[in-house]
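Each chain, letter by letter, is given below.
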Protein chains: 4
Amino acid sequence: MTAATDPVKLSKQEVGKAAAALVQSGSIVGLGTGSTTAYAIEFIGDRLKSGELKDIVGVPTSFQAEVLAKQYGIPLTTLDAIDHIDIAIDGADEVDPQKNLIKGGGAAHTREKVVDYLASRFIVVVDGGKLVDRLGSVFPVPVEVIPMAVTPVTLALKKLGGKPELRMGVKKAGPVITDQGNMVIDVKFDTIDDPENIEKILNNIPGVLENGIFVNCADVVLVGEVKDGQPVVREL
Amino acid sequence: MTAATDPVKLSKQEVGKAAAALVQSGSIVGLGTGSTTAYAIEFIGDRLKSGELKDIVGVPTSFQAEVLAKQYGIPLTTLDAIDHIDIAIDGADEVDPQKNLIKGGGAAHTREKVVDYLASRFIVVVDGGKLVDRLGSVFPVPVEVIPMAVTPVTLALKKLGGKPELRMGVKKAGPVITDQGNMVIDVKFDTIDDPENIEKILNNIPGVLENGIFVNCADVVLVGEVKDGQPVVREL
Amino acid sequence: MTAATDPVKLSKQEVGKAAAALVQSGSIVGLGTGSTTAYAIEFIGDRLKSGELKDIVGVPTSFQAEVLAKQYGIPLTTLDAIDHIDIAIDGADEVDPQKNLIKGGGAAHTREKVVDYLASRFIVVVDGGKLVDRLGSVFPVPVEVIPMAVTPVTLALKKLGGKPELRMGVKKAGPVITDQGNMVIDVKFDTIDDPENIEKILNNIPGVLENGIFVNCADVVLVGEVKDGQPVVREL
Amino acid sequence: MTAATDPVKLSKQEVGKAAAALVQSGSIVGLGTGSTTAYAIEFIGDRLKSGELKDIVGVPTSFQAEVLAKQYGIPLTTLDAIDHIDIAIDGADEVDPQKNLIKGGGAAHTREKVVDYLASRFIVVVDGGKLVDRLGSVFPVPVEVIPMAVTPVTLALKKLGGKPELRMGVKKAGPVITDQGNMVIDVKFDTIDDPENIEKILNNIPGVLENGIFVNCADVVLVGEVKDGQPVVREL
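Rules of the game
- Residues numbered from 1 in each chain as written.
- Chains lettered and ligands numbered in written order.
- Predicted model: local features only at pLDDT ≥ 70, side-chain atom pairs only at ≥ 80, totals over all residues.
- Heavy atoms only, no water.
- Helix = DSSP H or I, 4+ residues; strand = E, 2+ residues; numbered from the N terminus.
- Rg over C-alpha atoms; globule rule 2.2 N^0.38 Å.
- Buried < 20%, exposed > 50% of the residue type's maximum accessible area, 1.4 Å probe, protein only.
- Contact = heavy atoms within 4.5 Å.
- Arc of directions from axis to C-beta.
- Least-squares fit on C-alpha atoms with pLDDT ≥ 70 in both.
- Buried area = accessible area lost by both parts, 1.4 Å probe.
- Salt bridge = Lys/Arg side-chain N within 4 Å of Asp/Glu carboxyl O.
- Polar contact = N/O pair within 3.5 Å; in protein donor to acceptor, adjacent residues only side chain to side chain.
- Nonpolar A, V, L, I, M, F, W, Y, C, P; charged D, E, K, R; others polar.
- Phe/Tyr/Trp six-rings, centres within 6.5 Å; stacked < 30°, edge-to-face > 60°.
- Lys NZ or Arg CZ within 6 Å of the ring centre and 35° of its normal.
- Axes fitted to C-alpha atoms, helices over the stretch in contact; angles between N-to-C directions.
- Parallel < 35°, antiparallel > 145°, perpendicular 65-115°, else oblique.
- Left-handed = near helix turned anticlockwise from the far one by under 90°.
- Pairing = 2+ DSSP bridges.
- UniProt positions renumbered as here; feature names shortened; annotations may be inferred.
- Right-handed = clockwise from strand over helix to strand, strands pointing away.
- Domains from an automatic or database assignment.

K.L.:
In this structure, what is going on with the overall build of chain A? I would like to understand it.
P.N.:
Looking only at helices and strands, chain A features six helices and 13 strands. The C-alpha atoms of chain A give a radius of gyration of 18 Å, which matches the 18 Å a tight globule of 236 residues would have. On the principal axes, the C-alpha backbone points of chain A span a range of 55 × 45 × 35 Å. Within the span of chain A, comprising 236 residues, buried residues form 58% of the whole. Restricting to contacts in chain A with at least 6 residues of sequence separation, those with at least 24 account for 74%.

K.L.:
Is there a simple way to explain helix α6 (residues 195–203) of chain B in this structure?
P.N.:
Working note: α-helix, 3.6 residues per turn, so residues spaced by three or four point in the same direction. Where α6 of chain B is concerned, the buried positions are Pro 195, Ile 198, Glu 199, Leu 202 and Asn 203 of chain B. Down the axis of α6 of chain B, the buried side of the element spans an arc of 130 degrees, and every buried residue falls inside it.

K.L.:
Mind showing me how you'd approach the relation of the copies chain B and chain D here?
P.N.:
A rotation about some axis, followed by a shift along it, carries one copy of the chain onto the other. Turning chain B through 180 degrees and shifting it by 0.0 Å along the axis lays it on chain D, with an RMSD of 0.0 Å. Viewed as a symmetry operation, the transformation between the two copies matches a two-fold axis. Within chain B, the C-alpha atom positioned nearest to the axis of rotation is that of Gly 181 of chain B, 2.2 Å from it. Mapped onto chain D, 100% of the interface residues of chain B are again interface residues, and the two copies thus contact each other with one and the same surface.

K.L.:
Even after reading the chapter, I still don't get the interface of chain B and chain D, so can you show me in this structure?
P.N.:
With 19 residues of chain B at the interface, the matching set in chain D holds 19 residues. Summed over both partners, the interface of chain B with chain D comes to about 1600 Å²; 70% of that surface belongs to carbon and sulfur atoms. The salt bridge partner of Asp 179 of chain D is Lys 172 of chain B, with a shortest N-O separation of 3.0 Å. One can count six residue pairs in polar contact (both at pLDDT 80 or more) joining chain B with chain D. Partitioned by chemical class, the residues of the side of chain B that touches chain D number 10 nonpolar, five polar and four charged.

K.L.:
Can you walk me through the pattern of salt bridges in this structure?
P.N.:
Any two side chains of opposite charge can pair, given that their charged atoms come close. Counted according to the given criterion, the structure contains 51 salt bridges over all chains. Across the pair Arg 167 of chain C and Asp 186 of chain C runs a salt bridge whose closest N-O atoms are separated by 2.8 Å. Taken together, the residues Arg 167 of chain C in the loop between β8 (163–166) and β9 (183–188) and Asp 186 of chain C in strand β9 connect sequence positions 19 residues apart. Taken individually, Arg 167 of chain C and Asp 186 of chain C each receive the classification buried, so the pair is uniform in this respect. Three or more residues joined by partner-sharing salt bridges are found here, namely Asp 90, Lys 103 and Glu 112 of chain A.

K.L.:
Just checking my understanding: could you explain the packing of aromatic side chains for this structure?
P.N.:
All told, the structure shown has four aromatic pairs over all chains when counted by the stated rule. Look at Tyr 117 of chain D and Phe 214 of chain D: their rings are 5.8 Å apart centre to centre, the planes differ by 40 degrees, and that puts the pair in the tilted class. Here Tyr 117 of chain D, found in helix α4 (residues 109–118), pairs with Phe 214 of chain D, found in strand β11 (residues 213–214); they are 97 residues apart in sequence, far enough to count as distant. Accessibility expressed as a relative area gives 30% for Tyr 117 of chain D, which makes it partly exposed. A relative accessible area of 0% places Phe 214 of chain D in the buried class. Lying across the ring of Phe 214 of chain A, Lys 103 of chain A places its NZ or CZ 5.6 Å from the centre. A cation sits over an aromatic face here: Lys 113 of chain C above Phe 214 of chain C, 5.2 Å from the ring centre.

K.L.:
What am I meant to see in the packing of helix α1 (residues 7–20) of chain B against helix α2 (residues 35–50) of chain B here?
P.N.:
Between two packed helices, the angle of one axis relative to the other and the distance separating the axes together describe the packing. Residues and elements named next belong to chain B. Two elements in contact, α1 and α2, have axes separated by 7 Å at closest approach and are oriented at 50 degrees. With respect to their mutual orientation, α1 and α2 come out oblique. For the pair α1 and α2, the sense of crossing is right-handed. Where α1 approaches α2, its residues Lys 9, Lys 12, Gln 13, Val 15, Gly 16, Lys 17, Ala 19 and Ala 20 are matched on the opposing element by Ser 35, Thr 36, Tyr 39, Ala 40, Phe 43, Ile 44 and Arg 47. Its residues placed into classes, the contact of α1 with α2 shows seven nonpolar, four polar and four charged.

K.L.:
Can you help me understand the interface of chain B and chain A in this one?
P.N.:
Note on interface size: it is often stated as the accessible area lost on association of the parts. Taken together, the contact between chain B and chain A spans 27 residues of the former and 27 residues of the latter. Across the interface of chain B and chain A, roughly 2300 Å² is buried in total on both sides, 67% from carbon and sulfur atoms. For the chain B face of the interface with chain A, the top three residues by lost area are Met 148, Asn 204 and Pro 206 of chain B, together amounting to 25%. Our enumeration of links across chain B and chain A arrives at zero salt bridges.

K.L.:
How should I be thinking about the relation of the copies chain B and chain A in this particular structure?
P.N.:
Between chain B and chain A, the superposition needs a rotation of 180 degrees and an axial shift of 0.0 Å, giving an RMSD of 0.0 Å. Most of the interface of chain B is mirrored in chain A, where 100% of its interface residues are also at the interface.

K.L.:
Can you walk me through the pairing of strand β13 (residues 230–235) of chain C in this structure?
P.N.:
Looking down a regular strand, the side chains alternate between one sheet face and the other. Strand direction decides the pairing type here: strand β12 (residues 220–227) of chain C and β13 of chain C, joined by six bridges, are antiparallel. By the bridge assignment for β13 of chain C, Lys 227 of chain C is matched with Gln 230 of chain C.

K.L.:
Any chance you could explain the UniProt feature "active site" (unreviewed entry) in chain A here in plain terms?
P.N.:
Residue and element names in this part refer to chain A. Per the UniProt entry, the sites bearing "active site" (unreviewed entry) are Glu 112 in this numbering. Inspection of the secondary structure assignment puts Glu 112 in helix α4 (residues 109–118). Classification of Glu 112 as buried rests on a relative accessible area of 5%. Among all residues touching Glu 112, those that are not within four sequence positions of it are Thr 33, Thr 61, Asp 90, Lys 103 and Phe 214. For Glu 112, the side chain forms a polar contact with the side chain of Lys 103, separated by 3.0 Å.

K.L.:
Hey, could you run me through the sheet that holds strand β11 (residues 213–214) of chain B in this one?
P.N.:
Hydrogen bonds along the backbone pair up the strands of a sheet, which may run parallel or antiparallel. Residue and element names in this part refer to chain B. Pairing within the open sheet is antiparallel, and its three strands lie in the order β4-β5-β11. Both outer strands of the open sheet, β4 (94–95) and β11, are each paired with one neighbouring strand and no more. Pairing between strand β5 (residues 101–102) and β11: two bridges, direction antiparallel. The residue bridging Leu 101 from the neighbouring strand is Phe 214, located in β11.

K.L.:
Help me understand the pairing of strand β1 (residues 28–31) of chain C in this model?
P.N.:
Burial along β1 of chain C is two-sided: Ile 28 and Gly 30 of chain C and Val 29 and Leu 31 of chain C, pointing in opposite directions, are all buried. Tracing the backbone out of β1 of chain C, into helix α2 (residues 35–50) of chain C and back to the parallel element strand β2 (residues 57–60) of chain C gives a crossover that is right-handed.

K.L.:
Hey, could you run me through the domain arrangement of chain A in this one?
P.N.:
All names here are of chain A. Along its sequence, chain A is organised into domain 1 (7–132 + 216–235) and domain 2 (141–210). Taking only C-alpha atoms into account, the centre of domain 1 sits 25 Å from that of domain 2. Facing 14 residues of domain 1, the contacting portion of domain 2 comprises 15 residues. Taken together, the two surfaces of domain 1 and domain 2 that pack against each other cover about 1100 Å², and 49% of this comes from carbon and sulfur. Across the contact surface, domain 1 and domain 2 share two salt bridges. With a shortest N-O distance of 3.9 Å, Glu 210 and Lys 113 are connected by a salt bridge. At the boundary of domain 1 and domain 2, one finds seven residue pairs in polar contact (both at pLDDT 80 or more). The leading source of residues in the side of domain 1 that touches domain 2 is α4, at five residues. Of the residues belonging to the side of domain 1 that touches domain 2, the class tally is three nonpolar, seven polar and four charged.

Here it is in structure tokens:
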């Protein structure tokens, strides 16, 4: 692996390395999605290769994670073959001071939620730009919806005070389709005062599979930043 | 339509007729699934044909409802084309005294939930055998789950005190697959003390799409019974 | 509708208008996808509004076509409700002199194929840049594949001499997912000498749903071009 | 494993054992679906446990195969992780003298086709009742179809001279849904004179994923029969 010289990239690498260092031999490891998590997967692979780490098995949250894990030599399993996950490493689109998250920019939040909530320890890796005082400040909440329910769910989201927008594809005509065959409504709220409550309310709208709010899930948040031109990692 | 002579069948017909009588001209009508609802669809068709009813458009909750509606001449629309439903008619597997329901014996409860919750008035049609003192007495709760999450959801349902069982197919090898491409876990609870709460808890398990508990949804429950060899309809 | 002043846009409008003019009252019309087809849908709507056209019902090939048809007031139906299509209008990514097509840049070619092959008359609308001497000169052939078969189908495509590439998403992590929940492999062949044969060979690879080669399907190809700064429409 | 005493069951066991005996150490093994194949999976597990067989990895064609393989201790992989299959063992609904097959009674024929066609050696295990002089004598051909295309494909199958019937569910309302989220049309032909041709024609109907005719695929057919009250296995 070539060392990056761009400080932002360097700080992502450092966060990935810090997260990879938390994985212990004999663990079942949830492998998340995104550019910072990709470095974590790479470093787990390095530790396996060097013999520092042994008996690891990964549970990918996405196609991307699966491809990277294979590339870096991490053996994989599926959720059918295990009854727990020891540690999961994943990114986020927004993190508030209580370690609540918004995820789903990659439309993979449903599988990520299944894996991350199952983990005894969930490590979030982000760059400093993802930290917000209040959830929903910048990023809309992605809501995965079965196709036949897009219109009634859109109406329900408006009634809740949100501004819903169906996510459209770029390399396909029409809406983005998730790995589960569903659609994604990105809904912007002015403020999200009670994320725990809104997470449940959204999931109870008929036709909604999962939404991108993750509450009481993250155990550790590792933040990569650049200070005085140098990459630093701090724990939130 | 030939008159049935079997009293049970007669009572189903009478309930279907009573529900069909509640539909008013100019309505958008949710059309449910099941043998009693099938009679309601037939009688709505009769009323349309006779001219007693006008300007009806139906929203089917299932393939079965769609086929029957076409057979009996009810024009159909989809949820994309409307912003409300005036009245919905649907069956149930269990009904408690507070009009809470368990549905999903036909694995169609997700689409039914989308349609039934959208309706200003939701009419439930059942025979007397579906009435229970407490929800879950006889029938397990069907939970629709994305395939990759079947094992973790099964574990979560056991932790909640349930006895989960993956529903297996008869005319296909392996599990029943829903119209959305998901699987169904039927979970038996000893008692369901707080259906409103358990409905939400189930929906918040990552990987769960919808469950078969319907709380605060039914407005009218019409019960078909046989008294002294005669079919009678009463409102719960 | 505002008249465009950009000659390329003007020529697309003119082609769309020419195609819309071929639709006769009382027809079932297949409505395709893409920027030129969008003009055809708009002009069909104009003709309906003016009363020049009557009793039209549209069958959309995609979400985009459905949204546009609603916007321009074209009543819609589904394939379940009809037994033929009188005329279909759709775009293409490549057209050869025998009116063979490559479609699927929008990953919608499976639904398009179902609709377009059902039509008694299939009108293709393209700009001059889509004309090629030989199919596959510029554009790869999109092949829709079920997710579990991506690797064996990729191997099979290589054995056929193609260069297959899994289409990746932009607004979602990982591969593009089609409206049917499948993936798309774009396969570039050096030359496609016998499109009719290769269309069948591709469809017979286990795990392939449909490919983007359309042979013996187009009846009329309308080409929009700019000559001396003026938009012109010619039939191929 | 308890020895069966019912001669039919005994003969299924003997066929399963004969197929399992063909598996060599170090092989990638396709694991099929059905009651006879289940015995083969069990005997492969027995051979692994006894140490007679080593370094086997299985590729399941269905949920049933996956569950059985785990139960009998066969390590599993997925098609993404391999580039060939050494041997596959699977059942069939009909076998003709040229070793052509009809499969799909369990609606699993698409995944079975992907796996079985990939295998260097495909072993079919059946009881004598599955042998026919001519394909289609008893069993209809299952055709997997995307839901939006059910009506046009039904029309196309009638034009080909078939009697198509949509397969309906038992433990779900409406049609059987496959593991891929599609529907199955069972089409009965009076005679199937040229299975190789009809297999291709069916796959080229727009909206068809795969059909249950397997031509030029089976290498060995093992038939279990009862002769003089004794189970015997013969090769076709």
